[in-house]
Amino acid sequence: MGQHLQQVNLKNIKITDKLFGQYVKKVSEKIIPHQWNILNDQIEDTEPSYCIRNFRIAAGELEGERLGVVFLDTDLYKWLEAVAFSIAGGYGKEYESLADETINLVGRAQEEDGYLNTYFTVNAPEKKWTNLVEGHELYTAGHMIEAAVAYYNATGKDAFLNIARKNADLISRVFGRGEGQIKGYPGHQEIELALVKLYRVTGQKSYLETAKYFIEERGQEPNYFKQEIESRGGMEFFPDQLANLDMEYAQAHKPVKEQDTAEGHAVRVVYMLSAMADLAEEYEDKEMLEACKRIWNNAVNCRMYITGGIGSSGFRERFTTDYDLPNNTNYSETCASVGLMMTGQRLASATGDAGYYDIVERALYNTVLAGINIEGDRYFYVNPLEVVPRLCTSHTYMDHVKAVRQKWFGVACCPPNVARTLASLGQYIYAQDEKALYIHMFISSTVNTVIKGRKLELEMDSSLLQDGTVTITAQVNRAAELKIRIPGYASDTTCLVNGELVAGEKTSDNYLKLWLSEGGHEIKLDFHVKPRWVAANDEVRADAGKAALVKGPLVYCLEEADNGDLLSQVYVDANVAVKEDEPVEALAGEIPSLTYPGIRVSNTGLDEKLYGELRRETRPVMLKAVPYCQWNNRGEGEMLVWQKVRA
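Below, the structure is looked at part by part. Since we're looking at a predicted model, the values are computed, not measured.

**With respect to helix α1 (residues 20-39)**
Thought 1: Of all the bends in α1, the greatest, near 50°, is centred on Val27.
Thought 2: For α1, a buried count of 14 out of 20 residues is recorded, marking the element as mostly surrounded by other parts of the structure.
Thought 3: Within two residues after α1, Asp41 carries a phi angle of roughly 60°, on the positive side.

Structure below.
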């Protein structure tokens, strides 16, 4: 097993990237205040949140019924986490006093024994811990703990951390295999990875042991979920799910170490895998790590979209079966791709293999970024690869697909999840261990850190999305090691150090290892990234006879704004050169558009008839593709990723 990689303190990382710099700044400038207004029900023409109101009711400061979905508290916790990461990144200091006031409110809503959940405190105090299948108590606690750890790391203030510890202490007492404890586990995984974070910041072993218990008890016989549902006489919060209930949905069909495939709700899978990778490291549990890798490999090699989206079914946001990857009805929840990033980061740490960051990068650059508009106030929950707006209508099989980003959602897990991910982006760019500084993604930024007395200051200027090159300026006070990920899409890698060609030591784990002597250095990398057409496995029937256009980590798409409607008529010649053209002015990051010739094939003579004689007409067209992550920033229109290829 690889040595655990430590995150570089976010306070020591500054994002300067043309693309991601805009989004990171938007978190503090637009997203945090916008989401705060939503949490306080101050945005017109938006579904009410009730979130802050619920906490005030739970604290005894307002009267009324607690409203909204059972796990609504997590919207506030993820907002607080985004604030914490923004403060750490140097952008969100002005929100600290507001966050402190909000944390005080959370503390006032906490019960004496540490219990903290507005739904059960207000609406059903007698039902605490009785509905782990649906109630999301442990899931909600997990997001609270994650936010508390992030806020402590950002500010050094421990009020929120103490709230989290009091709640975690209660959970450790309530759950386990001991006499009088509940032998259950969460319906939606999250608490497990949060408890590992809490252990790492406090050193209290009971948190780690409870996380391990939750993971290892899952799927054991007798099955806790089945017993709970039977004792209650059915489902309480989501009764419509009872008819199609299966233990695979919650990854409880067998013990996790015996699981081989990604089954059920996609977000739950990757949150579980994140915890499994953490626990495998902490306990040096090779069996746990191998199970985690098996499930991951099935997910990314057989059940993942080219955009890093997972969970192909609109039915309960879940995985289905290998190679079932429809493009227009798929779900690909934004949160699931955030979870994919979380898991890939942890597996890279646990195994020492940088190759996992190919998937982290794919999910970030495509599905996660697509989840939010450039302005920072509209969101996608579902991320299809083909959209025809007039077909995305209510009460049809397409009603889960939206042709435009939304202000908010009744179930709004994705918007604050994107916010906290962008605000903490530095953790995915850099890492360190006792020997080296690691560069995992090529996003323009600066970093300074100390490793065993070695002070390293780096400035990375990335033109990866423009010409495939990256320049790193480094200053070290003593000889130091630098490990740079070699991405899977690099057709070749050229490295110059201080103007001299250096082979470096490319490891079997997808790193280029460099030793830097004391002083200043300039490192120039060229990954020789060019646009290329990619095909899918023949088993992916939705993509038969089609190709997708990619450049580096970016997937490109056609939009109606550039190419007109009826994009299904378009055919391309994959052997014709693709030209890199000027960026579209309305889009972010100065990313080149891609242009190439194609043809449109239509049938003539039908007029108003639905069917008629086949009379094909072809005409040449010049097509323009733009990054998938920025589609629907220029108004409503058709979008297409997989394009038909001329035979």
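Alright, that's what it looks like, and here's the rest.
**Topic: the layout of surface pockets**
Thought 1: Of the voids in this model, the largest pocket is the one considered here, and its volume is about 930 Å³.
Thought 2: Every residue lining the largest pocket is counted, 37 residues in all, and those nearest its centre are Gln7, Val149, Asn153, Lys197 and Gln427.
Thought 3: Put simply, the parts of the chain that give the lining of the largest pocket at least two residues each are α3 (73-88), α6 (137-155), α8 (191-202), α11 (266-283), α13 (334-351), α15 (414-423), α16 (426-429) and β3 (430-432).
Thought 4: A class-by-class count of the residues in the lining of the largest pocket yields 16 nonpolar, 11 polar and 10 charged.

**Structural notes on the side chain of Thr367**
Thought 1: Of note, Thr367 is situated in helix α14 (residues 357-370).
Thought 2: Dropping the residues within four chain positions of it, Thr367 is found in contact with Thr307, Gly308, Gly309, Ser332, Thr334, Ser337, Arg362 and Asn383.

**Some points on the sheet that holds strand β9 (residues 494-497)**
Thought 1: Taken in spatial order, the 7 strands of this open sheet run β1-β5-β6-β7-β13-β9-β10, and their pairing is antiparallel. Two strands bound the open sheet, and with one partner strand each, they are β1 (13-15) and β10 (500-501).
Thought 2: As paired elements, strand β5 (residues 445-451) and strand β6 (residues 454-463) share 7 bridges and run antiparallel to each other. Paired with Thr446 across the two strands is Glu459, which belongs to β6.

**Things to note about empty space enclosed by the protein**
Thought 1: All told, the structure shown has 5 cavities of 30 Å³ or more when counted by the stated rule.
Thought 2: Forming the boundary of the largest cavity are 14 residues, of which Ile15, Val24, Gly89, Tyr91 and Ala423 lie nearest the centre.
Thought 3: Counting residues per element, the ones that place at least two in the lining of the largest cavity are β1, α3 and α15.
Thought 4: Looking at which element gives the most residues to the lining of the largest cavity, the answer is β1, with 3 residues.
Thought 5: Of the volumes computed, that of the second largest cavity is approximately 80 Å³.
Thought 6: What lines the second largest cavity is Asp17, Lys18, Leu19, Tyr365, Phe442, Ser444, Ser462, Ser463, Leu464, Leu465, Gln466 and Gly589.
Thought 7: Taken together, the residues of the lining of the second largest cavity sort by class into 5 nonpolar, 5 polar and 2 charged.

**Brief notes about the pairing of strand β13 (residues 519-526)**
Thought 1: Relative to β13, strand β7 (residues 469-476) runs antiparallel, the two being bridged by 8 bridges. Directly across from Thr473, in β13, lies its bridge partner Glu522.

**Examining the nonpolar core**
Thought 1: In this structure, Leu76, Ile145, Phe160, Leu525 and Val641 are the most contacted members of the largest nonpolar core, which totals 224 residues.
Thought 2: Discounting residues that sit within four places of it in the chain, Leu76 has contacts with Trp36, Leu39, Cys51, Ile52, Phe55, Thr102 and Val106.
Thought 3: In this structure, Leu5, Ala431, Tyr438 and Tyr511 belong to the second largest nonpolar core, which totals 6 residues.

**Some points on unusual backbone geometry**
Thought 1: For the bond from Glu221 to Pro222, the omega torsion is 0°, close enough to zero to count as cis.
Thought 2: Positionally, Pro222 belongs in the loop between α9 (205-217) and α10 (224-232).
Thought 3: In this model, Tyr50 sits at a positive phi of 70°, which is unusual for a non-glycine residue.
Thought 4: Here Tyr50 is to be found in the loop between α1 and α2 (51-58).
Thought 5: At His528, a residue that is not glycine, the phi angle is positive and equals roughly 50°.
Thought 6: As for its position among the elements, His528 is in the loop between β13 and β14 (532-534).

**Thoughts on the packing of aromatic side chains**
Thought 1: In total, this model carries 21 aromatic pairs according to the counting rule given.
Thought 2: A ring pair is formed by Tyr213 and Phe214, whose centres lie 5.5 Å apart and whose planes are at 50°; its orientation type is tilted. Exposure class is identical for Tyr213 and Phe214. Each is buried.
Thought 3: Members of the aromatic cluster, each reached through a chain of ring pairs, are Tyr115, Trp129, Phe175, Tyr213 and Phe214.

**What to know about the pairing of strand β20 (residues 616-627)**
Thought 1: Two elements, strand β16 (residues 554-559) and β20, share 3 bridges in a ladder whose sense is antiparallel. The partner of Tyr556 across the bridge, within β20, is Pro627.
Thought 2: As paired strands, strand β19 (residues 593-603) and β20 are joined by 10 bridges and run antiparallel to one another. Pairing of Tyr596 across the sheet is with Leu623, part of β20.

**Remarks on the environment of Lys212**
Thought 1: Note that Lys212 resides in helix α9.
Thought 2: The class of Lys212 is partly exposed, set by a relative accessible area of 24%.
Thought 3: For the pair formed by Lys212 and Arg390, sequence separation is 178 residues and the distance between their alpha carbons is 48 Å.
Thought 4: Here Lys212 is in contact with Leu279 and Tyr283, once residues within four sequence places are set aside.

**Overview of the packing of α3 against α15**
Thought 1: Look at α3 against α15: their axes get within 8 Å of each other, and the N-to-C directions meet at 15°. Our classification of the angle between α3 and α15 gives roughly parallel. Between α3 and α15 lies a crossing whose hand is left-handed. Seen from α3, the contacting residues are Asp75, Lys78, Trp79, Glu81, Ala82, Phe85 and Ser86; seen from α15, they are Pro416, Asn417, Ala419, Arg420 and Ala423.
Thought 2: Looking at the contact of α3 with α15, its residues break down into 6 nonpolar, 2 polar and 4 charged.

**A short note on α8**
Thought 1: If you check α8, its first and last C-alpha atoms are 16 Å apart, about what 12 residues at 1.5 Å a residue would give, namely 16 Å.
Thought 2: Regarding α8, the residues found buried are Ile191, Glu192, Leu193, Ala194, Leu195, Val196, Leu198 and Tyr199.
Thought 3: Where α8 is buried, its residues touch α6, α7 (159-174), α9, α11 and α13.
Thought 4: Gly203, located one to two residues past α8, shows a positive phi value of around 80°.

**What about the environment of Ala124?**
Thought 1: In this fold, Ala124 is placed in the loop between α5 (118-122) and α6.
Thought 2: Classification of Ala124 by relative accessible area gives buried; the value is 4%.
Thought 3: The spacing of Ala124 and Cys629 is 505 residues in sequence and 42 Å in space, taken between C-alpha atoms.

Thresholds, definitions, all that
Residues numbered from 1 in each chain as written. Predicted model: local features only at pLDDT ≥ 70, side-chain atom pairs only at ≥ 80, totals over all residues. Heavy atoms only, no water. Bend = angle between axes of the 7 residues up to and from the residue. Helix = DSSP H or I, 4+ residues; strand = E, 2+ residues; numbered from the N terminus. Buried < 20%, exposed > 50% of the residue type's maximum accessible area, 1.4 Å probe, protein only. 1 Å grid on protein atoms, 1.4 Å probe; cavity = no way out; pocket = protein on both sides within 12 Å on 5 of 7 lines; lining within 4 Å. Points joined across faces, edges and corners; volume = space filled by probe spheres on them. Nonpolar A, V, L, I, M, F, W, Y, C, P; charged D, E, K, R; others polar. Contact = heavy atoms within 4.5 Å. Pairing = 2+ DSSP bridges. Core = buried A, V, L, I, M, F, W, Y, C linked by side-chain atoms within 4.5 Å. Phe/Tyr/Trp six-rings, centres within 6.5 Å; stacked < 30°, edge-to-face > 60°. Axes fitted to C-alpha atoms, helices over the stretch in contact; angles between N-to-C directions. Parallel < 35°, antiparallel > 145°, perpendicular 65-115°, else oblique. Left-handed = near helix turned anticlockwise from the far one by under 90°. Expected span 1.5 Å × (residues − 1).

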